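Chains, contacts and geometry: an overview
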Amino acid sequence: MRKKIVAGNWKMNKNLHECILLADDIRAGLEPLPKNQLPTVILAPAFPFLYAVSQTLGVNQSITTSAQNCSSEKSGAYTGEVSVDMIRSTGAKYVIIGHSERRSLFLETEDSIRKKLMVCLEAELAPILCIGEKSEERKEARHFEVVKKQIDSATGNLSPEILSKLVIAYEPVWAIGTGVHASPAQAQEMQAFIRQSFAQSKGMEFSQTLPILYGGSCNPGNAKELFSCKDVDGGLIGGASLNASDFLSIIKAAMDL
Ligand code: PGA
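Residues numbered from 1 in each chain as written. Predicted model: local features only at pLDDT ≥ 70, side-chain atom pairs only at ≥ 80, totals over all residues. Heavy atoms only, no water.

If you tally the helices and strands in the chain, you get eleven helices and eight strands. A globule of 257 residues ought to have a C-alpha radius of gyration of about 18 Å, and the chain, at 17 Å, matches this closely. A fraction of 73% describes how many contacts in the chain between residues 6 or more apart in sequence connect residues 24 or more apart. Accessible surface, the chain as shown: approximately 11700 Å² in total, 53% of it carbon and sulfur. Each charge class in the chain can be summarised by its mean position, and for the 27 positive and 28 negative side chains these summaries are 2 Å apart. (Helix = DSSP H or I, 4+ residues; strand = E, 2+ residues; numbered from the N terminus. Rg over C-alpha atoms; globule rule 2.2 N^0.38 Å. Contact = heavy atoms within 4.5 Å. Areas by Shrake-Rupley, 256 points an atom, 1.4 Å probe, with all protein chains shown as cover. Lys, Arg positive; Asp, Glu negative; His and termini not counted. Charge placed at Lys NZ, Arg CZ, Asp CG, Glu CD.)

Below you can see the structure in the form of structure tokens.
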């Protein structure tokens, strides 16, 4: 049985004070809940606040932090970049890689996404690799092909052992921040396809333990339905993760499933 994961991608929102308050509210909200039923909860604030948020959460098995991006280089003269070693030193355990906003607004290529994945894995950080099709690609019935290509270019040739910390987030671009979420049937269909693709390339055991999250307009009203799908192992939450009570409701939706 795969453990559910609920991750909050705070994007470029909240200042230091607000990040600490939000993290503390979420931490306190989890306290009364039965530990053995909690999903793994991950908070992804902006780089400057990773350390403070990690400190606010303290040493806690059920809740941890993630960066939203990382440099594909390990260190050196790369003004403005943040390395995996820096990220790890803040206490973060995960890094979101290849988010559609990074692909489209910051022109991240498949090549740089693959490099980021590699440096993350070498640093023993768990990559949350985001994949998903655009609206026109789905309309043209190319969504499976597009997602397969994203998987292959990021993970092709890498062994299941090297990829053991990998987390996938299926985020259809048309669902991100739009209020239009994928239907449970659409999410299940694609996520079963993703798992099947990994079964073919990395083996059955790897694919059965791989966490595959859904992201895109997930909220307290639709989380339970989405998380109940067989191949949906939790969610990557944007907008609804910025409010402690909404995010806690989504976490509760991942319990008892
Ligand atoms: P959203 O964002 O929940 O606001 O749609 C999800 C994401 O971008 O990860």
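Scanning the model with the defined rule gives 15 salt bridges in all. Among the salt bridges present, the one from Glu31 reaches Arg27, with a minimum N-O distance of 2.7 Å. Put simply, Arg88 and Asp85 hold a salt bridge, and the shortest N to O gap is 3.1 Å. Here Asp85 and Arg88 lie together in helix α3 (residues 84-89), a separation of three residues that amounts to about one turn. (Salt bridge = Lys/Arg side-chain N within 4 Å of Asp/Glu carboxyl O.)

Let us look at the environment of Asn36. On the secondary structure map, Asn36 appears in the loop between α1 (16-30) and β2 (40-44). Residue Asn36 is classed as exposed on the basis of its relative accessible area, which comes to 71%. Along the sequence, Asn36 and Ser62 sit 26 residues apart, while their C-alpha atoms lie 9.3 Å from each other. (Buried < 20%, exposed > 50% of the residue type's maximum accessible area, 1.4 Å probe, protein only.)

Quick look at the packing of aromatic side chains now. Under the criterion given, the structure shown has three aromatic pairs. Seen in terms of ring centroids, Phe198 and Phe206 are 5.8 Å apart; in terms of plane orientation they differ by 45°. Their pairing is tilted. Each member of the pair, Phe198 as well as Phe206, is classed as buried. Of note, Arg102 hangs over the ring of Phe106, and the distance from its end group to the ring centre comes to 4.2 Å. (Phe/Tyr/Trp six-rings, centres within 6.5 Å; stacked < 30°, edge-to-face > 60°. Lys NZ or Arg CZ within 6 Å of the ring centre and 35° of its normal.)

Taken together, the neighbourhood of the ligand is formed by 13 residues, with Lys11, His99, Glu171, Gly177 and Ser217 sitting nearest. The separation between an oxygen atom of the ligand and a polar main-chain atom of Gly238 is 2.8 Å. For the ligand, the accessible surface in isolation is 280 Å², of which the surrounding protein chains cover 95%. Its residues placed into classes, the shell around the ligand shows four nonpolar, seven polar and two charged. (Near = heavy atom within 4 Å. Polar contact = N/O pair within 3.5 Å; in protein donor to acceptor, adjacent residues only side chain to side chain. Nonpolar A, V, L, I, M, F, W, Y, C, P; charged D, E, K, R; others polar.)

Here we take up the side chain of Gln150. Mapped onto the elements of the fold, Gln150 is located in helix α7 (residues 143-155). Classification of Gln150 as buried rests on a relative accessible area of 8%. At 2.8 Å, the side chain of Gln150 and the backbone nitrogen of Gly132 are in polar contact. Residues in contact with Gln150, not counting those within four places in the same chain, are Arg103, Glu110, Ile131 and Gly132.

Without other data, these values stay purely geometric and don't point to any function.
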